[in-house]
Amino acid sequence: MANTEAALEEALTSIEGATGVALVDYTSGMALGTMGGSKNFDLNVAAAGNTDVIRAKMRTMEHLGLKTEIEDILITLSDQYHLIRLLKGRGGNGLFLYLVLDSGRANLAMARHRLKRIEEELEV
């Protein structure tokens, strides 16, 4: 089992192309931990903004009557991938991992696979 800091460090160092990662509470929009980012990319602002993405998707699913769960949400930009992975189990309800990747260096399939493994090992 990994704590928050160890999980974030593992994501940033073991996922090719990762430039930032955060653990976020989407009920409050607060980042519980961040690692990486830059002076031009504030992970706390991005974390808060992505809570709106999750809430909107959940409302849409409810309106459509979909009885399934979101695994992850992918946002592709011209030079980045933003991967949002909702946590399940072990107190992860209401939390998500947010990963920013350089699209020129990242293997998206491997990043998704690795983030899922990190989620499974995370002790919140």
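Each remark here, short or long, concerns the structure printed above.
Residues numbered from 1 in each chain as written. Predicted model: local features only at pLDDT ≥ 70, side-chain atom pairs only at ≥ 80, totals over all residues. Heavy atoms only, no water.

Side note on the environment of threonine 4
Piece 1. You can see threonine 4 is positioned in helix α1 (residues 4-14).
Piece 2. The partly exposed category is assigned to threonine 4, whose relative accessible area is 24%.
Piece 3. A sequence separation of 118 residues divides threonine 4 from leucine 122, and the C-alpha atoms of the two residues are 6.8 Å apart.
Piece 4. The contacts of threonine 4, once residues within four sequence positions are left out, are Leu23, Leu122 and Glu123. (Helix = DSSP H or I, 4+ residues; strand = E, 2+ residues; numbered from the N terminus. Buried < 20%, exposed > 50% of the residue type's maximum accessible area, 1.4 Å probe, protein only. Contact = heavy atoms within 4.5 Å.)

A word on α1
Piece 1. Buried within α1 are the following residues: Ala7, Leu8 and Ala11. Taken end-on, α1 shows its buried residues confined to a sector of 95°, consistent with a single buried face. The outward face of α1, more than 90 degrees from its buried face, is lined by the exposed residues Glu5 and Thr13.
Piece 2. Looking at the packing, one finds that the buried side of α1 touches β1 (18-25), β2 (30-36), β5 (95-102) and α3 (108-121).
Piece 3. Its side-chain oxygen placed 3.2 Å from the backbone nitrogen of glutamate 5, asparagine 3 serves as the N-cap of α1. (Arc of directions from axis to C-beta. Polar contact = N/O pair within 3.5 Å; in protein donor to acceptor, adjacent residues only side chain to side chain.)

Regarding the pairing of β2
Piece 1. Bridge count for β1 against β2 is 6 bridges, and the pairing is antiparallel. Bridging across to β2, valine 21 finds its partner in methionine 35. (Pairing = 2+ DSSP bridges.)

Quick look at the layout of surface pockets
Piece 1. By volume, the largest pocket is sized at about 180 Å³.
Piece 2. Around the largest pocket sit Tyr26, Met58, Met61, Thr68, Glu69, Ile70, Leu86, Leu87, Lys88, Asn93, Gly94 and Leu95, which together line it. (1 Å grid on protein atoms, 1.4 Å probe; cavity = no way out; pocket = protein on both sides within 12 Å on 5 of 7 lines; lining within 4 Å. Points joined across faces, edges and corners; volume = space filled by probe spheres on them.)

What to know about the pattern of salt bridges
Piece 1. Inspection of the entire model under this criterion finds 7 salt bridges.
Piece 2. For arginine 105, the salt bridge is made with aspartate 102, and the minimal N-O distance between the two is 3.5 Å.
Piece 3. The partly exposed category is assigned to arginine 105, whose relative accessible area is 43%.
Piece 4. By relative accessible area, which is 26% here, aspartate 102 ends up partly exposed.
Piece 5. Its salt-bridge partner being glutamate 120, residue arginine 117 comes within 2.7 Å of it at the nearest N-O pair. Of this pair, arginine 117 and glutamate 120 both sit in helix α3, 3 residues apart, which is roughly one turn of that helix.
Piece 6. Residue classification places glutamate 120 among the partly exposed residues on the basis of a relative accessible area of 38%.
Piece 7. When salt bridges that share partners are traced, they join Asp72, Arg85, Arg112 and Glu119 into one network. (Salt bridge = Lys/Arg side-chain N within 4 Å of Asp/Glu carboxyl O.)

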